[in-house]
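Take a look at the letters that make up each chain.
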Amino acid sequence: MSEGMVLHGRGLVKRFGPAVALAGVELAVRQGETIAIMGPSGSGKSTLLHCLAGITKPDEGEVTLLGRRVDTMRERERSALRRTRFGFVFQFGQLLPELAAEENVALPLMLGGVPRAKAVTQAREWFGPLGLGGMEHRRPGELSGGQAQRVAIARALVTGPAVVFADEPTGALDQSTGHDTMRILVEATRRNGASLVVVTHDPQVARWCDSTVEVRDGRILPAAAVAR
Amino acid sequence: MRTLELSWRLLRGGGRRELLGAGLTLVAVAVCTALLLFAAGINLAFDARSDREAWRNPVRASDAVAVQAVRHGFVADRSITVVELAALKQGLAPPPGLSRFPAPGEVWTSPALAALIERLPADRLGRRFPVLAGLVIGDEGLIHPGELVAVVGRAPGDPAMTWLQSAESLLSTGPTRIAGFGGEPSDMAVGYSILALIATVLMIVPLLVFGGASARLTVARRDRRLAALRLVGATPGQVVGMTAAEAMFVAVLGALLGTVVYGVAVPLLAGIPIAGGTWFAWDLLPGPQYVIGVLLAVPLLVGLSAVVGLRRVVVSPLGVAKRETPPGMRFVRVVVTVALVAAAPAVASGTASVAALVLAVALPFLSIAVLGPWVVGVIGRITARSARGPARLLAGRRLMDDPRSAWRTVSGVVLTGFVAGFIGLLTPASGLLGDESAGRLQIEVPAARVAETADKAGERLRSAGLAGRVETSGKGDHRLVTVVLATEETATVDRARTALAGLAPGHSATSPADDQHQGEVMLADVRTGTIVVLTVSFLVAIASAGITAASSILDRRQTYALLRLAGTPLSVLDRARRAETLVPLAVLGGGAILIGMSSGAALAPGALNGSGMTTLLVCVVLGFCGVIGAGALSRPLLRSVTDNPAPRPD
Ligand SMILES: Nc1ncnc2c1ncn2[C@@H]1O[C@H](COP(=O)(O)OP(=O)(O)O)[C@@H](O)[C@H]1O
Ligand SMILES: [Mg+2]
């Protein structure tokens, strides 16, 4: 295991019936590293993310987090792992519409057993730095798309995760808002010392990341694995 | 037509889960339809019974054509109605069920009575009707197929047709000069009709809630797609049309299925004895106008409910895609409720009409439905504010966010709580009527013939080999000869009745226990009816709780799935869902029971008795368990919805 390795996927294969979504993928994520995953639609980017994050079990291969096997864990353990060691930002819809913004951010802490008052206080501390001052009491439906994604970023980071996974987090935003949001995501993750695995279509976004991997038909293209 | 085609595509292309939703709706609509037909059928059946019985309640007339007397005898703890008729003119129209007017000396019997005479020893029954020539009373003259009726022809001068009734009696109507066989409904028949109407009102509201819930199930999962259609430019009219057409298409099938189910169930239902006997199956079949009415009304209501469920989409294309803080529930609801509850007793006591009675039941019922969502909102605010853990917080915020949806889940059971409270208070205590002697047979006789009748009674007892003594009592015109038997055993009492038959013309020997017979039957029927109404409403309510739970999962599947992806344990989601239902259920159910009891008290002031208390407790336990069970049943759905590793916007 190389220096500072946090998450390591090796020989990952995933099939859906006859369709092969992943055909043997290796990906290593070092501490604090930001990796962009690119590739055409249907190439297996989301599936790779899900395997790494312990959402789906790969059919073959293994995933380790800090030396611990993730893929062999039972659902309950993987669920706890996702809650405590990982953070997630999806395209949209991950915020509970009936909770206020600050409660959405506080929710992962409360799930971890932090008392409500403390969790909400901790959650509020994220609003200013992410440019969300004054939005604490708004409902997700009353936020703009970019604001909602920033709340989601706060929610992903509030538990101090080792790795943040983001699957096309700006896919539903216009380009300039998308860029702003992505920069905030990358910077905030770095500030917290977390690693980031982000799926994106935007080459511009990929440039802010430490490295980029290109996925095609369930494989990583070696030529496109450009280190910066 | 394009709309219809498009919605058919939508239904078919929607995949398994959509078809499952449509299937559930179909079943739910079928159940609703069957129960609605049952409600109509039972009310019409009581009316039909009442109509067929009317001719046996003679109405005194000045331009008389015949004399009629009616009395009740008893055999094997069953009542026999004996109608004695004497024509005052030639060529009279016969009473219902008879092919001609009975000639003096003729005895006509109902099929059940004829069979019983065959079956029992002659000294128990047969000898009471000496001349039998196989004359049978048809169904048109009978309340129910098993009814024991005898029609005896007399000459106008026969002592049985000329005695004067000296006192009101439950069991006999003395010779009455009548102009025809129109008659009038008996008090009992009117009582039963009113009870049936109350039961119907109590059942119909949970039923409508159920129908609404199932209609919404077709809409669940679809709202997002329709919102998308709206976004790409479908007109509100098209969206409404599609939704309504789709829901109604399923509802028409469901209504037809329900009609068939009811038709199949009728023979079974007809076997349930009420008011002393089972039913003619055709009594329970509502006429074509009712069936058509139900078949039209049910799909219309379902369509309407579906459209209302989609109102938000239609009003704004972003209504579903983008959630906003919902407008608060108005305090007006509270005011309306208090007014309704307060008005009910006033309406009930003001007039004694049936309509007022029904209103007195329906108004508080309605008030609960009006107040429900508002109370759910308040409960949500309290729950959310006091929540420490995530499950309570989620539940509270959810209740605040969409109180109507949470209300829909519990409304059926809550409204049934009202029914339970209402009925719990009205349930008659067992042994209400006391325990009267069955071994004291009494005959009313004119003062001049007391001694003679008493002597003859003693003689007849001895020759029949029965042990007992004879007493006389009463003064003035109202004299009684009482035979006190050594036993209350049914066969012996029957023998004594047979031995005493015809001792006093136009009179049967009856005991104080016989006087209470009808009352006992009615009380037993009220208990049966209570159980039927409660069972039906609880089953319906629990089914709608289950269906609503399922559709609320489908509505929120994306949020649930993403929460689960991010590591939220299923148990937290489940606990939140449970709290979402059980907290409002506890508060509203308790309130509804109290309102039900207060409405019951307004109709029949009295304290809650033991059996009423038992009924209530059973209901509370059943209601809670049922709702918990219904929620637990939807857990696999929650799991399957959240198991999908790649949740998509749709
Ligand atoms: N749950 C699933 N069931 C069946 N096939 C799936 C499922 N998820 C993904 N796939 C298939 O696997 C392939 C990769 O999908 P995905 O990882 O979502 O691609 P990407 O995210 O790169 O667009 C696609 O061909 C897709 O159709
Ligand atoms: Mg993808």
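What you are looking at is a predicted structure, and each value in this text was computed from that prediction instead of being measured.

**What to know about the overall build of chain B**
- Within chain B one finds 21 helices and 9 strands.
- By the burial criterion, 51% of the 650 residues in chain B qualify as buried.
- Summarising the internal contacts of chain B: among those between residues at least 6 apart in sequence, 82% fall at separations of at least 24.
- When the accessible surface of chain B is totalled, it reaches about 28100 Å², and 64% of it is carbon and sulfur.

**Quick word on a negative patch on the surface**
Residues and elements named next belong to chain B.
- A cluster of acidic residues, Asp435, Glu436, Glu488, Asp515 and Glu520, forms a negative patch at the surface.
- Mapped onto the elements, Glu436 comes out in the loop between helix H13 (403–426) and strand S7 (440–445).
- Glu436 gets classed as partly exposed once you look at its relative accessible area, which sits at 39%.

**Focus on helix H3 (residues 101–111) of chain A**
Residue and element names in this part refer to chain A.
- Within H3, 11 of the 11 residues are buried, which leaves it mostly tucked inside the rest of the structure.
- The set of residues buried in H3 consists of Ala101, Glu102, Glu103, Asn104, Val105, Ala106, Leu107, Pro108, Leu109, Met110 and Leu111.
- Looking one or two residues past H3, Gly113 carries a phi angle of roughly 100°, positive in sign.

**So, the confidence of the model for chain A**
- Scored by pLDDT, chain A has a mean of 89; 96% of the residues are at 70 or more.
- Low pLDDT (under 50) marks residues 224–228 of chain A, which in the prediction has 9 contacts with non-local residues, meaning those over four places away or in another chain.

**Things to note about the pairing of strand S3 (residues 34–38) of chain A**
Residues and elements named next belong to chain A.
- The buried fraction of S3 is high, at 5 of 5 residues.
- Sheet analysis places S3 next to strand S8 (residues 195–199), joined by 4 bridges and oriented parallel. Note on S8: the bridge partner recorded for Ala36 is Val198.
- Looking at chain direction, S3 and strand S9 (residues 211–216) are connected through 4 bridges and run parallel. Along S9, the bridge assignment pairs Ile35 with Ser211.

**Quick notes on the site of ligand 1**
- Within the structure, ligand 1 sits among 11 residues, and Gly42, Gly44, Lys45, Ser46 and Thr47 of chain A are positioned closest to it.
- Of the chains in the model, those with residues near ligand 1 are chains A and B.
- In the environment of ligand 1, an oxygen atom lies 2.9 Å from a nitrogen or oxygen atom belonging to the backbone of Lys45 of chain A.
- One nitrogen or oxygen atom from the side chain of Thr47 of chain A is found 2.5 Å from an oxygen atom belonging to ligand 1.
- With the chains in place, 66% of the 550 Å² that ligand 1 exposes on its own is no longer accessible.
- In terms of residue count, helix H1 (residues 45–52) of chain A provides more of the shell around ligand 1 than any other element does, 3 residues in total.

**Focus: the pattern of salt bridges**
- All told, the structure shown has 32 salt bridges over all chains when counted by the stated rule.
- For Glu62 of chain A, the salt bridge is made with Arg69 of chain A, and the minimal N-O distance between the two is 3.2 Å.
- On the basis of relative accessible area, Glu62 of chain A is assigned to the partly exposed category, the value being 24%.
- Assessed through its relative accessible area of 33%, Arg69 of chain A is described here as partly exposed.
- Between Arg71 of chain B and Glu84 of chain B there is a salt bridge, with the nearest N and O atoms lying 3.0 Å from each other. Highlighted residues: Arg71 of chain B in strand S1 (residues 66–75) and Glu84 of chain B in strand S2 (residues 78–87), separated in sequence by 13 residues.
- For Arg71 of chain B, a relative accessible area of 14% gives the class buried.
- On the accessibility criterion, Glu84 of chain B (1% relative accessible area) is buried.
- The network of salt bridges with shared partners includes Arg10, Glu62, Arg69 and Asp71 of chain A.

**Considerations on the pairing of strand S9 (residues 478–485) of chain B**
Residue and element names in this part refer to chain B.
- Of all 8 residues making up S9, 6 are buried, and the element is well covered by its neighbours.
- Taken together, the 6 bridges between S7 and S9 define a ladder with antiparallel strand orientation. The partner of Val445 across the bridge, within S9, is Arg479.
- Direction of pairing for strand S8 (residues 468–475) relative to S9: antiparallel, over a ladder of 8 bridges. Opposite Ser473, over in S9, you have Leu480 as the bridge partner.

**Things to note about the interface of chain A and chain B**
- Listed by partner, the interface residues are 25 residues for chain A and 32 residues for chain B.
- Taking both sides of the interface into account, the surface hidden between chain A and chain B amounts to around 2600 Å²; carbon and sulfur atoms contribute 62%.
- Applying the counting criterion to the chain A and chain B interface returns 3 salt bridges.
- Of the charged contacts in the structure, one is a salt bridge between Arg397 of chain B and Glu103 of chain A, with a shortest N-O distance of 2.5 Å.
- Here chain A is connected to chain B by 9 residue pairs in polar contact (both at pLDDT 80 or more).

**A short note on the sheet that holds strand S3 (residues 107–109) of chain B**
Residues and elements named next belong to chain B.
- Taken in spatial order, the 6 strands of this open sheet run S4-S3-S5-S2-S1-S6, and their pairing is mixed. Whereas interior strands pair on both sides, the edge strands pair on one side only; in this sheet they are strand S4 (135–136) and strand S6 (172–178).
- Its contacts with the sheet place helix H3 (residues 111–119) against S1, S2, S3, S4 and strand S5 (148–154), and it is angled at close to 95° to S5.

**Observations concerning the side chain of Arg71 of chain B**
- Within the structure, the side chain of Arg71 of chain B is placed 3.0 Å from the side chain of Glu84 of chain B, a separation counted as a polar contact.
- Apart from the residues within four sequence positions on either side, Arg71 of chain B is in contact with Ile80, Thr81, Val82, Glu84, Arg154, Leu171, Ser172, Gly506, His507 and Ser508 of chain B.

**Re helix H6 (residues 175–191) of chain A**
Residues and elements named next belong to chain A.
- An ideal rise of 1.5 Å per residue puts 24 Å on 17 residues; H6 measures up with 24 Å between its terminal C-alpha atoms.
- Looking at the packing, one finds that the buried side of H6 touches S3, strand S6 (86–89), helix H5 (145–157), strand S7 (163–167), S8 and helix H7 (203–207).
- The N-terminus of H6 is capped by Asp174, whose side-chain oxygen sits 3.2 Å from the backbone nitrogen of Ser176.
- In the stretch just after H6, Gly193 is the one whose phi turns positive, near 70°.

**Quick word on the confidence of the model for chain B**
Residue and element names in this part refer to chain B.
- Of the residues in chain B, 84% reach a pLDDT of 70 or more, and the chain-wide mean stands at 81.
- In the model, residues 313–326 has pLDDT below 50 throughout and makes 29 contacts with residues more than four positions away in sequence or in other chains.
- As a predicted assembly, this complex carries a pTM of 0.75 together with an ipTM value of 0.86.

**Considerations on empty space enclosed by the protein**
- For the structure on display, the rule yields 4 cavities of 30 Å³ or more.
- In this structure, the largest cavity occupies an estimated 140 Å³ of space.
- What lines the largest cavity is a set of 15 residues, and nearest its centre among them are Arg83, Phe86, Pro108 and Arg155 of chain A together with Ala566 of chain B.
- Broken down by secondary-structure element, the contributors of at least two residues to the lining of the largest cavity are helix H2 (75–84), S6, H3 and H5 of chain A.

**Some thoughts on the nonpolar core**
Residues and elements named next belong to chain B.
- Grouped together as the largest cluster of nonpolar side chains are 74 residues, with contacts concentrated most on Leu202, Trp279, Leu284, Val414, Phe418 and Val419.
- Sorting elements by how many residues they give to this core places H13 first, with 12 residues.
- Counting the residues that make up this core, at least three belong to each of domain 1 (1–51 + 187–324) and domain 3 (327–434 + 516–650).
- Apart from the residues lying within four places of it in its own chain, the contact partners of Leu202 are Val361, Phe365, Phe418, Val419, Phe422, Ile423 and Val533.

Definitions and limits used
- Residues numbered from 1 in each chain as written.
- Chains lettered and ligands numbered in written order.
- Predicted model: local features only at pLDDT ≥ 70, side-chain atom pairs only at ≥ 80, totals over all residues.
- Heavy atoms only, no water.
- Helix = DSSP H or I, 4+ residues; strand = E, 2+ residues; numbered from the N terminus.
- Buried < 20%, exposed > 50% of the residue type's maximum accessible area, 1.4 Å probe, protein only.
- Contact = heavy atoms within 4.5 Å.
- Areas by Shrake-Rupley, 256 points an atom, 1.4 Å probe, with all protein chains shown as cover.
- Patch = residues over 30% accessible without salt bridge, like charges linked within 9 Å, V, L, I, M, F, W, Y side chains within 5 Å.
- Salt bridge = Lys/Arg side-chain N within 4 Å of Asp/Glu carboxyl O.
- Lys, Arg positive; Asp, Glu negative; His and termini not counted.
- Charge placed at Lys NZ, Arg CZ, Asp CG, Glu CD.
- pLDDT = per-residue confidence, 0-100.
- Pairing = 2+ DSSP bridges.
- Near = heavy atom within 4 Å.
- Polar contact = N/O pair within 3.5 Å; in protein donor to acceptor, adjacent residues only side chain to side chain.
- Buried area = accessible area lost by both parts, 1.4 Å probe.
- Axes fitted to C-alpha atoms, helices over the stretch in contact; angles between N-to-C directions.
- Expected span 1.5 Å × (residues − 1).
- 1 Å grid on protein atoms, 1.4 Å probe; cavity = no way out; pocket = protein on both sides within 12 Å on 5 of 7 lines; lining within 4 Å.
- Points joined across faces, edges and corners; volume = space filled by probe spheres on them.
- Core = buried A, V, L, I, M, F, W, Y, C linked by side-chain atoms within 4.5 Å.
- Domains from an automatic or database assignment.

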